[in-house]
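# Examination of the molecular architecture
The primary structure of each chain is shown beneath.
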Amino acid sequence: MTGTGRLGYPLRGAGQNRRVRATSSSSRCRRPRGGAIAQLRFDKIKIDPTELWDLSSLKGQLPIRDVALEPSHEFGPAATPEKSRGSIVSRSGWFETVAEAQRRAKKRLPSSVYSAVLAGSEKGVTYADNIEAFSELGLAPHVAELHATRTLATTVMGHAISLPVIISPAGVQAVHPDGEVAVARAAANRGTITCLSSFASKPVEEVVAANPQTFFQLYWSGGRETMMRRMDRARSAGVKGLIITLDWSFSNGRDWGSPVIPERMNLKAMAGLLPQVITRPRWLLAYAKTLHLPDLTAPNLAEPGQAAPTFFGAYGEWMQTQPPTWDDVAWLREKWGGPFMLKGITRIDDARRAMDAGVTAISVSNHGGNNLDGTPATIRVLPSVVEAVGHRVEVVLDGGIRRGSDVAKALALGARAVMIGRAYLWGLAANGQAGVENVLDILRGGLDSALFGLGHPSIRDLGPNDLVIPTGFRRTLGAAVPPTQS
């Protein structure tokens, strides 16, 4: 796994916690005409060129703006690097950051599909705060006696994962033909859990086949008998845990406008979307190869012997269902009888009620800023929720994760792991299954770098002392539930 040479700059294999030595020389380093990118050709790295490499360590060490990797002809035709907004890109599809994945997703997806993934609510205050709050937290690194090897592995609801990042449930209609199956395969390849939305475009049986470590997510829709049928199907499929999502109040309206989404994706609907689809030939070609139009149904909500409802048909059932009580939550947890997560907690009183209902884990979530606009960022309320439940319930954080240092900050404030949503959807749109793997590698590499700099051998050692927390950063929502009077 090593090469020898005069430069000897460390290259970190994304997500693999290893270093190689890169071979180069002045004869191999050239400045292309009309550009300021030095292309370093590494001929003696004995690794498949399709693997992803983080070259950010070279920045600031060489007198150039950008660095691009050109694979050796030893492994096949070299990919000609391209420059895009100061980032390292190539025609292989690899990207350096989640932000770059989002830029590519915007270029690839029809505007309605991109807008549906972006989503948000009303003014977008919560959506923005979810991301920006992480930038308010600083890191407090050490400079000596650091650890050469580090452990990123953990467990969530009893299931071992190689890094503290799991796939949050999200409908993937029209993002990519392989949808949630591609996401599940990517998560399996990177050793983590995928959580499948009940509104997903792929059947739970196919997703579990792609990744045995699958949790299935439900909304409270259709009443107890309907919920039981859906749970039984998920159990029969082999899912390992159940998630009930309760952080939704059917908010609607966005200041930047909502996407036009048809009830069914038939030829008439495609004709109406033609002006935006025709400008996205790669997206159109991907679906053309399957000989199928994008499926806007929810197969996991189909009643026995009936066709899958449309997305909006399922949404209508959900809207008309009586909202659940805490007794309903306890009933659902008891009937499931296995690992059980409640997603959507931001208040400490709700966290304690969830604990009383017997949940295994809590997801601190505001639905990615898609629900009540003005709800604080989840990273702001995380410490109070962790303190409210102690070690009796696992706490994961969902919302705003865009880089590995964000993961480190969440863990330092008490999260056991984080869930990612838009980040992997951008990756899926940009490069399919490989794009999701790319995103997970970016987060793994960034987390490992943060752990290294903070001087810890394991993610379990992270704590508030590793952070610079500004005054007034935290938010505490909800009062303690008074004791029951006998």
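Residues numbered from 1 in each chain as written. Predicted model: local features only at pLDDT ≥ 70, side-chain atom pairs only at ≥ 80, totals over all residues. Heavy atoms only, no water.

### Re the pattern of salt bridges
If the charged atoms of two oppositely charged side chains come close together, the side chains can form a pair. Our working definition: For salt bridges, the criterion is a side-chain nitrogen of Lys or Arg within 4 Å of an Asp or Glu carboxyl oxygen. Secondary structure is summarised from DSSP: a helix means a run of H or I of at least four residues, a strand means a run of E of at least two, and numbering begins at the N terminus for each. Residue burial is assigned from relative accessible area. The probe radius is 1.4 Å, only protein chains are included, and a residue is buried under 20% of its type maximum, exposed over 50%, and partly exposed in between.
Scanning the model with the defined rule gives 17 salt bridges in all. Here Asp 232 and Arg 235 are joined by a salt bridge, their closest N and O atoms 3.0 Å apart. Taken as a pair, Asp 232 and Arg 235 lie in helix 6 (residues 223–237) at a separation of three residues, close to a single helical turn. With a relative accessible area of 35%, Asp 232 lands in the partly exposed category. Lys 343 is the salt-bridge partner of Asp 398, the closest N and O atoms lying 2.9 Å from each other. Here Asp 398, found in strand 18 (residues 394–398), pairs with Lys 343, found in strand 16 (residues 340–345); they are 55 residues apart in sequence, far enough to count as distant. Each member of the salt-bridge network shares a partner with another, and the members are Arg 229, Arg 230, Glu 303 and Glu 317.

### Digging into the pairing of strand 18
We count it as follows: Here, a strand pair is defined by DSSP locating no fewer than two bridges between the strands. Note on handedness: a clockwise path from strand one over the helix to strand two, with the strands aimed away from the viewer, defines a right-handed crossover.
Burial within strand 18 is extensive, with five of its five residues counted as buried. Side chains of strand 18 alternate between two faces, with Glu 394, Val 396 and Asp 398 and Val 395 and Leu 397 buried alike. Taken together, the four bridges between strand 17 (residues 361–364) and strand 18 define a ladder with parallel strand orientation. Paired with Ala 361 across the bridge in strand 18 is Glu 394. Relative to strand 19 (residues 417–420), strand 18 runs parallel, the two being bridged by three bridges. The residue bridging Val 396 from the neighbouring strand is Ala 417, located in strand 19. The parallel pair strand 18 and strand 19, bridged by helix 13 (residues 404–412), forms a crossover whose chirality is right-handed.

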